[in-house]
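Survey of secondary and tertiary structure
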Amino acid sequence: MRYYWDYLGLDDLLGAQRLASIEDGGAPAHDEMLFIVTHQAFELWFKQILWELDAVVDTLAAAPVDEREMGQVLHRLERIKEIQPLLVQQFAVLETMTPLDFLDFRDLLIPASGFQSLQFRLVENRLGLDPAKRMKIQGSHYTSRLSREHAERVAASESEPTLLGALDAWLARTPFLRFGDFDFWSAYRDAVTAMIERDRALIASNASLDEVSRQQQLDAFETTVETFATLFDRDRWEELRAQGKRRLSHEAFLAALLISLYRDEPAFHTPHRLLRTLVDLDIGFNAFRNAHAQLVHRTIGGRIGTGGTSGHEYLEAAARRHRVFTDLFDLATYSVPRDELPALPGDVREQLRFRFQAATGNG
Ligand code: HEM
């Protein structure tokens, strides 16, 4: 017969708040309990997030993915999305600890830091954070502050399957990129070109702009036009990808674009929700990073962190750089109004419909 306390391992869990201020024989620092409990609560949620991510990557990495499992994938990612605001709220609880309260025990922590959170690194790498985006800390690799065992685990995770990689493979396999005789991409290109011309004319004739602002807007506009050009040129796309400016393969990006343009088609409902949820997750982790950076700024000001980084400045830079699904954000750049989208051929639309299969009986 199970007993609540034992089932939840509460001896271990509730015995794991060992205050350094007490263990080191000094005056107990009251807020150190909050500091430890909050970190532990984060680590528990990181554990749950990893649990969900591992399952999602496993499912999505199968070739082909059983369509019936896509609901489960989405459900699990949505669960992570629900956890993220809790993480942000937990920082608010920790912010009730003032800078002076923190100084009561801060020096006892050195060199320990959230920078050494193994699970957070595993989450980042499982999502597919580009290792090239990592910043050096005083000239050292981001794993240099970890124990050897943890550093090896994190290094190994860089070459394990990622959510971004599994998404890429899944998108690239989509059968709807092939339209038989219908040249979808040149029809789409015509629609985009018409839209570009219209937008350019709007800037040129905007009476509220002075000449300098007009020129600035036209220059910025030409940059957008350039990005459209890479969309139709696989080699240029892959060049950008090699430079880390694109993460998805050309084929996967086109599939994602198709899904977002024709998301009204029934077969694209779930894929479209998946793409949106991944963007939400990136936003959610970004909110976590920004909330943490602000907490750090208000708690330690401009000091360096116990882990040896520049502190809040490092954290703000990491928030800007450490995003994973940036290509999915960029899909919006390539949207054209619904009524200007090329109409899909009847047989393609037919394939994208929901169909009810009549029950087949043999009686
Ligand atoms: C008073 C509270 C906190 C302070 C002053 C603080 C400070 C810092 C600083 C300065 C860094 C940069 C590395 C360094 O130089 O140490 C850092 C990194 C980090 N902290 Fe905190 N932190 C606090 C609370 C938390 C909490 C509650 C968590 C939740 C687990 C957390 C998780 C992290 C993570 C994951 C990193 C690595 C971020 C990255 O490299 O992108 N921190 N923290």
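These figures come from a predicted structure and were not determined experimentally.

Looking only at helices and strands, one finds 18 helices and zero strands in the chain. Relative to its 363 residues, the chain shows a buried fraction of 42%. Long-range pairs, those at least 24 residues apart, make up 74% of the contacts in the chain between residues at least 6 apart in sequence. In the structure as shown, the chain presents an accessible area of about 20,300 Å², 53% of it carried by carbon and sulfur atoms. Both charge centroids of the chain, one from 41 positive and one from 54 negative side chains, sit 1 Å from each other.

Turning our attention to helix α15 (residues 269–300). If you check α15, its first and last C-alpha atoms are 46 Å apart, about what 32 residues at 1.5 Å a residue would give, namely 46 Å. Trailing α15 by a residue or two, Gly301 shows a phi angle of about 60 degrees, which is positive.

What follows covers empty space enclosed by the protein. Using the criterion set out here, one finds one cavity of 30 Å³ or more in the structure. Put simply, the largest cavity is a space of about 60 Å³. Every residue lining the largest cavity is listed: Phe120, Val123, Glu124, Leu127, Leu129, Asp282, Phe285, Arg289, His322 and Val324. Going through the elements one at a time, α8 (118–127) and α15 are the ones with two or more residues in the lining of the largest cavity. Looking at the lining of the largest cavity, the element that brings in the most residues is α8, giving four residues. When grouped by side-chain class, the residues that make up the lining of the largest cavity number six nonpolar, one polar and three charged.

To continue, consider the environment of Tyr142. Along the polypeptide, Tyr142 turns up in the loop between α8 and α9 (148–157). Sequence spacing of Tyr142 and Arg236 is 94 residues, and the spatial spacing of their C-alpha atoms is 31 Å. For Tyr142, the contacting residues outside a window of four places in its chain are Phe115, Arg121, Asn125, Arg134, Met135, Val154 and Glu158. Here the side chain of Tyr142 touches Asn125 through a polar contact of 3.2 Å, side chain to side chain.

Any two aromatic rings considered together are summarised by their centre-to-centre distance and by the angle between their planes. A complete count under the given rule lists 19 aromatic pairs for this structure. Residues Phe35 and Phe102 carry aromatic rings whose centres are separated by 5.4 Å and whose planes lie at 35 degrees to one another, so their mutual orientation is tilted. In this pair, Phe35 is assigned in helix α4 (residues 32–61) and Phe102 in helix α6 (residues 99–103), connecting sequence segments 67 residues apart. The pair formed by Phe35 and Phe102 is uniform in burial state, with each residue classed as buried. The interplanar angle of 80 degrees and the centroid separation of 6.0 Å between the aromatic rings of Phe46 and Phe288 together place this pair among those described as edge-to-face. With Phe46 in helix α4 and Phe288 in helix α15, this residue pair connects regions lying 242 residues apart in the sequence. Given the relative accessible area of 5%, Phe46 is considered buried. The ring of Phe253 is capped by Arg246, whose NZ or CZ atom sits 5.5 Å from the centre of that ring.

Another aspect to go through is the environment of Gly244. Following the sequence through the fold, Gly244 ends up in the loop between α13 (234–242) and α14 (250–261). The exposure class of Gly244 is buried, given its relative accessible area of 16%. Distance from Gly244 to Lys136, taken between C-alpha atoms, is 17 Å for residues 108 residues apart in sequence. For Gly244, the contacting residues outside a window of four places in its chain are Asp130 and Lys133.

Contact pair helix α5 (residues 70–94) / α15: the axes reach a minimum separation of 9 Å and the direction vectors enclose 15 degrees. In terms of orientation, α5 and α15 fall into the roughly parallel class. When the axes of α5 and α15 are compared, the crossing they make is left-handed. Across the contact of α5 with α15, the residue classes tally to 17 nonpolar, five polar and four charged.

Reading guide: rules and limits
- Residues numbered from 1 in each chain as written.
- Predicted model: local features only at pLDDT ≥ 70, side-chain atom pairs only at ≥ 80, totals over all residues.
- Heavy atoms only, no water.
- Helix = DSSP H or I, 4+ residues; strand = E, 2+ residues; numbered from the N terminus.
- Buried < 20%, exposed > 50% of the residue type's maximum accessible area, 1.4 Å probe, protein only.
- Contact = heavy atoms within 4.5 Å.
- Areas by Shrake-Rupley, 256 points an atom, 1.4 Å probe, with all protein chains shown as cover.
- Lys, Arg positive; Asp, Glu negative; His and termini not counted.
- Charge placed at Lys NZ, Arg CZ, Asp CG, Glu CD.
- Expected span 1.5 Å × (residues − 1).
- 1 Å grid on protein atoms, 1.4 Å probe; cavity = no way out; pocket = protein on both sides within 12 Å on 5 of 7 lines; lining within 4 Å.
- Points joined across faces, edges and corners; volume = space filled by probe spheres on them.
- Nonpolar A, V, L, I, M, F, W, Y, C, P; charged D, E, K, R; others polar.
- Polar contact = N/O pair within 3.5 Å; in protein donor to acceptor, adjacent residues only side chain to side chain.
- Phe/Tyr/Trp six-rings, centres within 6.5 Å; stacked < 30°, edge-to-face > 60°.
- Lys NZ or Arg CZ within 6 Å of the ring centre and 35° of its normal.
- Axes fitted to C-alpha atoms, helices over the stretch in contact; angles between N-to-C directions.
- Parallel < 35°, antiparallel > 145°, perpendicular 65-115°, else oblique.
- Left-handed = near helix turned anticlockwise from the far one by under 90°.

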